[in-house]
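A look at the structure
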Amino acid sequence: MNNVVIRTEFLCKSFGKLDVLKDISTEFYQGEVVAILGPSGSGKSTFLRCINLLEQPTRGRIYFHEQEITKPKANIAKVRQQLVMVFQHFNLFPHMNVLQNVTYAPIKVKGINKQKAQEHGLELLAKVGLESKVSVYPSKLSGGQKQRVAIARALAMEPEMILFDEPTSALDPEMVKDVLEVMKALALSGMTMAIVTHEMGFAKEVANRIMFLDQGILAEDATPGEFFQNPKCDRAKQFLEKML
Amino acid sequence: MEVPKNGYYNFSLLYVTGIICSNDVTVSGADVNYIIIKFMKKKKVWLLRILVVTVVGISIITGYSNSLKAVSSLGKDTLTMITSPDYPPYEFYDTKGGDRQIVGFDIDIAKTLAEKLGFKLKIMESDFNGLIPALQANRADFVMAGMTPTPERQKNIDFSIIYYEAKDTIVAPKGSNLKQPQDLLGKKVGVQLGTIQEQNAQKIAKKVAGIQLKQLNRVPEVVQEIKSGRIDAAIVEDTVAKGFAQANPDLEFNVIPSEEQSGSAIAFPKGSSFVEPFNKVLQQMKDDGTLNKLVAKWFSQNTANPASSSPAKGGLNLDFTRILPDIPFILRGIPLTLLFTLLSVSLGLIWGTILSLLKIIGIKPLTWVANAYTSVFRGTPLLLQLALVYYATPQLTGYDISALQAGVLTFTLNSGAYMSETIRGGIQAVDKGQSEAAMSMGVPYWLMMWDVIFPQALKNILPALVNETIGLLKDSALVSTIGVVEILRSAQIVGANKYIYFEPLLFAGLIYYVLVMGMTLGASALERRLRESE
């Protein structure tokens, strides 16, 4: 557990006058499943989006395997292949069918042979339980199915780490379980994951580390046991009282 | 016939075009749709296709242009003549059997001249008021179009000796009894723009009070204005007046007594070395009777088919049987119109995409240039752009751009400006999550634009694109003003030959309408198909 994938140093992000992130310094280790919690507006999603530079940090540095990726000359596209994101609203490509969604980037970005990419894609789709939807277009899928395709799409890139940005927030309750199960299996397989979520039960059960953000500050960084049994800061206590 | 100095914009033609095209159209729709479908499905094939279409199109255009191109670039064994073949019996299209051949009194003289001087003859065409600009741009070696030497014209071009003398007449509805210039007191009088008759009419208007002149682009239009009662009379050359009076029994004409000469001569660019040899041969032809024979051949025959029905009062008095033999000729304009539209739409789409990207990527100077470009091309009339591109290009660049090339270039530049806004809107309407999803997997910017954003944007803008194509197809009628014989010009040629007006125009309108309907149906089928894939 001491192989650092991502390290942030004094990461700050402002939108105009609003300081959303304030000096966040932390690291993500290989194989870790980190749940990022916090009230809305606390900067969780912004933090996650800064990690693969979908948001450009205002100040501070980010390292990927000790290579600074916030340098102007850094090859961001290359790094992003290793830090794929799964979005709240799935963002599947509507003009491609399910299999094309999954194989597009491996073929076009990583240059993988089409047939191999398709075989791999079919495996992944089977893993998320969607082998029957291979040639269907996204508009014909339910929300839960879309999110599972999005996870398969992320996995197809064989990234080091997957960033989940509220992956179940846009889903009907009965769909949430399917998606969480897929994520749980993924966690058990050793994938490094950072998950912004409101699913406390899931965070408790699956994560091996909790980050609690409050008003742009990393207020608490603990194991799930410590955090849920014995939160240190008052804001975390109030938050848990409301959520549980 | 005529006289011009400048004014090649032909605004009245625009008006005609408006009438003819109030219905809609097109053809290339199917092809464009096909391309778009391909785009959605397989990008590589699409790219290939655009390439092929473009290359083929350009080579076709180049092929066409060769037949239209000024002689000067073809070598010294050929003389290029430019004329306005809507003026029988001087020069007009022989439309029988769909053939596309310019014939007439002037043409026979030109052929004889070229033969005697040992040159081949090449004939180009344009509107009458575009002839002198063409000479000035060195697009042709000489003009024969029943043109009268006037002091104004002589400032800009040189003339041969006079080879035929014509007289002006007053054409008016039967029974008007207008015989003298004085009879025109207080009347509305029509003339062809840029002609010697226009100048003479202006002289008359100075002497006779209350004459109101109305200038139109073509004699058939002038005659039509008489028939529809908007003007009282017209001043037209005698041979032409005779033809119209025969074809329109409700008209009469009277020769205006005049001591002034208004004969026809050959026009050359200023300082042309051809003036002398031409004069020599012309004199020879006068002396040996060749010229008289040609006069007898062209001016004594009856070229018009008299209207079969008696002049009806009110109504258009249509008789489509009169244009039956000429229908193949008009139909031949269709491929050219389609080719023109297809090329303009594809190239305009490419150019519009480039412009829209300049506006989107956020580099200030580029955005500024693209916005300025768009505002200029959307803020000035297409017809004006067309005239500038066609007439100014040879003088500015030395490249003798053909009428068809000038048309495609202008329409590409113009529709690119419109499409760039549409495309920009279409791109910006694509959900931001799409680009984030692509970026988060490390897809490079341009690849993302091409594979993820464009296909979705294209779907957004498809209806607008179809509209633009329909608009372009109808606007293609504008290139008739610079002499491209597409559907509208074919119809006008037939009208000029037959001294009739409505029948060929209505027929052309029908063709446009059928083309647009075909395209509209194709487009909605495509849209349905695209929606199904969602």
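Fair warning: this is a prediction, and the values are worked out from it, not measured in the lab.

Digging into the overall build of chain A
Each helix and strand counted, chain A has 9 helices and 10 strands in total. The burial tally for chain A puts 55% of its 244 residues in the buried class. In chain A, the share of contacts with a sequence separation of at least 24, taken over all contacts with a separation of at least 6, comes to 67%. Summed over its atoms, the accessible surface of chain A is roughly 10,900 Å², and 48% of this surface lies on carbon and sulfur atoms.

As for the overall build of chain B
For chain B, the helix and strand inventory stands at 20 helices and 13 strands. Counting all 534 residues of chain B, 58% fall into the buried class. Here the analysis covers contacts within chain B between residues at least 6 apart in sequence; of these, 80% occur between residues at least 24 apart. Surface summary for chain B: the accessible area is close to 21,700 Å², and the carbon and sulfur share equals 59%.

Thoughts on the interface of chain A and chain B
For interface size, the figure often reported is the accessible area lost on association. Contacts between chain A and chain B engage 25 residues on the former and 22 residues on the latter. For the pair chain A and chain B, the summed buried area comes to about 2,000 Å², and 58% of that belongs to carbon and sulfur atoms. Looking at the side of chain A facing chain B, the largest losses of area belong to F93, H95 and Y104 of chain A, adding up to 26% of the total buried there. As a salt-bridge pair, K108 of chain A and D451 of chain B come within 2.9 Å of each other at their nearest N and O atoms. The tally of links from chain A across to chain B stands at 6 residue pairs in polar contact (both at pLDDT 80 or more). Put simply, the parts of the chain that give the side of chain A that touches chain B at least two residues each are helix 2 (76–80), strand 6 (83–86) and helix 3 (98–108) of chain A.

Section: the nonpolar core
L37 and F47 of chain A are the most contacted members of the largest nonpolar core, which totals 142 residues. With 10 residues, the single largest contributor to this core is helix 18 (residues 445–475) of chain B. Grouped together as the second largest cluster of nonpolar side chains are 72 residues, Y90, F244, L338 and Y499 of chain B included.

Some points on the packing of aromatic side chains
Using the criterion set out here, one finds 24 aromatic pairs over all chains in the structure. Ring geometry for F212 of chain A and F239 of chain A: centres 5.3 Å apart, planes at 50 degrees, overall tilted. You can see F212 of chain A sitting in strand 9 (residues 209–214) and its partner F239 of chain A sitting in helix 9 (residues 234–243), a full 27 residues away along the chain. Taken individually, F212 of chain A and F239 of chain A each receive the classification buried, so the pair is uniform in this respect. Between F105 of chain B and Y164 of chain B the ring centres are 5.4 Å apart and the planes differ by 70 degrees, which places this aromatic pair in the edge-to-face class. Of this pair, F105 of chain B sits in helix 4 (residues 105–117) while Y164 of chain B sits in strand 7 (residues 157–165), placing them 59 residues apart in sequence. Like F105 of chain B, the residue Y164 of chain B is buried in the burial classification. Through pairs of rings, three or more aromatic residues link up here, namely Y87, Y90, F105, Y163 and Y164 of chain B.

Points about the sheet that holds strand 1 (residues 4–15) of chain A
Residues and elements named next belong to chain A. Read across the open sheet, the 4 strands follow the order 2-1-4-5; overall the sheet is antiparallel. If you trace the sheet from one side to the other, it starts and ends with strand 2 (18–29) and strand 5 (67–68), each paired once. Helix-sheet contacts for helix 1 (residues 44–51) involve strand 1, strand 2 and strand 4 (59–64), and the interaxial angle to strand 2 is about 60 degrees.

Regarding the packing of helix 16 (residues 403–428) of chain B against helix 18 of chain B
Residue and element names in this part refer to chain B. Following both chains from N to C, one finds helix 16 and helix 18 inclined at 140 degrees, their axes separated by 9 Å at the closest point. If you check the angle between helix 16 and helix 18, you find them oblique. As helix 16 runs across helix 18, the sense of the crossing is right-handed. Residues F411, S415, Y418, M419, T422, I423, G426 and I427 of helix 16 lie in contact with helix 18, whose contacting residues are M449, I453, F454, A457, N460, I461, A464, L465, E468, L472 and D475. Class assignment of the residues belonging to the contact of helix 16 with helix 18 gives a composition of 13 nonpolar, 4 polar and 2 charged.

Thoughts on helix 14 (residues 364–379) of chain B
For the α-helix, the turn length of 3.6 residues means that residues three or four positions removed from each other point alike. Residues and elements named next belong to chain B. For helix 14, spanning 16 residues, the distance from its first C-alpha to its last is 22 Å, which sits close to the expected 22 Å at 1.5 Å a residue. Taken as a whole, helix 14 has its buried residues at T367, A370, Y373, T374 and F377. Seen along its axis, helix 14 keeps its buried residues to an arc of 130 degrees; they face one direction. Relative to its buried face, helix 14 has exposed residues pointing more than 90 degrees away, namely K364, P365, W368 and G379. Structurally, helix 14 contributes buried residues whose contacts are with helix 13 (333–360), helix 15 (382–397) and helix 16.

Focus: unusual backbone geometry
Note that the residue after P88 of chain B, namely P89 of chain B, is joined by a cis bond; omega there is 5 degrees. Within the element layout of this structure, P89 of chain B appears in the loop between strand 2 (86–87) and strand 3 (91–94). If you check the backbone angles, E66 of chain A has positive phi at about 70 degrees while not being a glycine. The topology assignment puts E66 of chain A in the loop between strand 4 and strand 5. Residue E66 of chain A is classed as partly exposed on the basis of its relative accessible area of 46%. At E158 of chain A, a position not held by glycine, the phi torsion is positive, near 50 degrees. Here E158 of chain A is to be found in the loop between helix 5 (143–156) and strand 7 (161–165).

A look at helix 8 (residues 219–227) of chain B
Burial analysis of helix 8 of chain B places 8 of its 9 residues in the buried class, which makes it a mostly covered element. Looking at helix 8 of chain B, one finds that the buried residues are V219, P220, E221, V222, V223, Q224, E225 and I226 of chain B.

Side note on the pairing of strand 4 of chain A
Residue and element names in this part refer to chain A. By the bridge criterion, 5 bridges tie strand 1 to strand 4 in an arrangement that is antiparallel. Pairing of C12 across the sheet is with R59, part of strand 4. Bridging between strand 4 and strand 5 involves 2 bridges; their strand directions are antiparallel. The residue bridging Y63 from the neighbouring strand is E68, located in strand 5.

Brief notes about the environment of L282 of chain B
Residue and element names in this part refer to chain B. Looking at where L282 falls in the secondary structure, it is placed in helix 10 (residues 275–287). Sequence-wise, L282 and T112 are 170 residues apart; in three dimensions their C-alpha atoms are separated by 9.4 Å. Contact partners of L282, with chain neighbours within four places excluded, come to I109, L113, S160, I161, Y163 and I266.

Looking at the confidence of the model for chain B
All names here are of chain B. Residues of chain B with pLDDT of at least 70 account for 81%, and the chain-wide mean is 81. The low-confidence segment residues 63–74, where pLDDT is below 50, has 26 contacts with residues more than four positions distant or belonging to other chains. Of the regions scoring below 50 in pLDDT, residues 302–313 engages in 22 contacts with residues more than four places distant in sequence or in other chains. In the model output, the complex is listed with pTM 0.69 alongside ipTM 0.92.

Section: the sheet that holds strand 10 (residues 212–216) of chain B
Residue and element names in this part refer to chain B. What the 5 strands build is an open sheet, ordered 10-9-11-8-12; its pairing is mixed. Looking at which strands have only one partner, the edges of the open sheet turn out to be strand 10 and strand 12 (251–255). Taking each pair of neighbouring strands and ignoring which way they run, the sheet shows an average axis angle of 30 degrees. Across the face of the sheet, helix 7 (residues 196–207) comes into contact with strand 8 (168–173), strand 9 (188–192), strand 10 and strand 11 (233–237) while running at roughly 130 degrees to strand 11. Its contacts with the sheet place helix 9 (residues 238–247) against strand 8, strand 11 and strand 12, and it is angled at close to 120 degrees to strand 11.

Some details on the side chain of K44 of chain A
Residue and element names in this part refer to chain A. Mapped onto the elements of the fold, K44 is located in helix 1. Buried within the structure, K44 lacks any salt-bridge partner; E166 is the closest side chain of opposite charge, at an N-O distance of 4.6 Å. Among the polar contacts listed, one links the side chain of K44 to the backbone oxygen of P39, at a separation of 3.3 Å. For K44, the contacting residues outside a window of four places in its chain are I36, L37, G38, P39, E166, V196, H198 and L213.

The rules behind each value
Residues numbered from 1 in each chain as written. Chains lettered and ligands numbered in written order. Predicted model: local features only at pLDDT ≥ 70, side-chain atom pairs only at ≥ 80, totals over all residues. Heavy atoms only, no water. Helix = DSSP H or I, 4+ residues; strand = E, 2+ residues; numbered from the N terminus. Buried < 20%, exposed > 50% of the residue type's maximum accessible area, 1.4 Å probe, protein only. Contact = heavy atoms within 4.5 Å. Areas by Shrake-Rupley, 256 points an atom, 1.4 Å probe, with all protein chains shown as cover. Buried area = accessible area lost by both parts, 1.4 Å probe. Salt bridge = Lys/Arg side-chain N within 4 Å of Asp/Glu carboxyl O. Polar contact = N/O pair within 3.5 Å; in protein donor to acceptor, adjacent residues only side chain to side chain. Core = buried A, V, L, I, M, F, W, Y, C linked by side-chain atoms within 4.5 Å. Phe/Tyr/Trp six-rings, centres within 6.5 Å; stacked < 30°, edge-to-face > 60°. Pairing = 2+ DSSP bridges. Axes fitted to C-alpha atoms, helices over the stretch in contact; angles between N-to-C directions. Parallel < 35°, antiparallel > 145°, perpendicular 65-115°, else oblique. Left-handed = near helix turned anticlockwise from the far one by under 90°. Nonpolar A, V, L, I, M, F, W, Y, C, P; charged D, E, K, R; others polar. Expected span 1.5 Å × (residues − 1). Arc of directions from axis to C-beta. pLDDT = per-residue confidence, 0-100. Lys, Arg positive; Asp, Glu negative; His and termini not counted.

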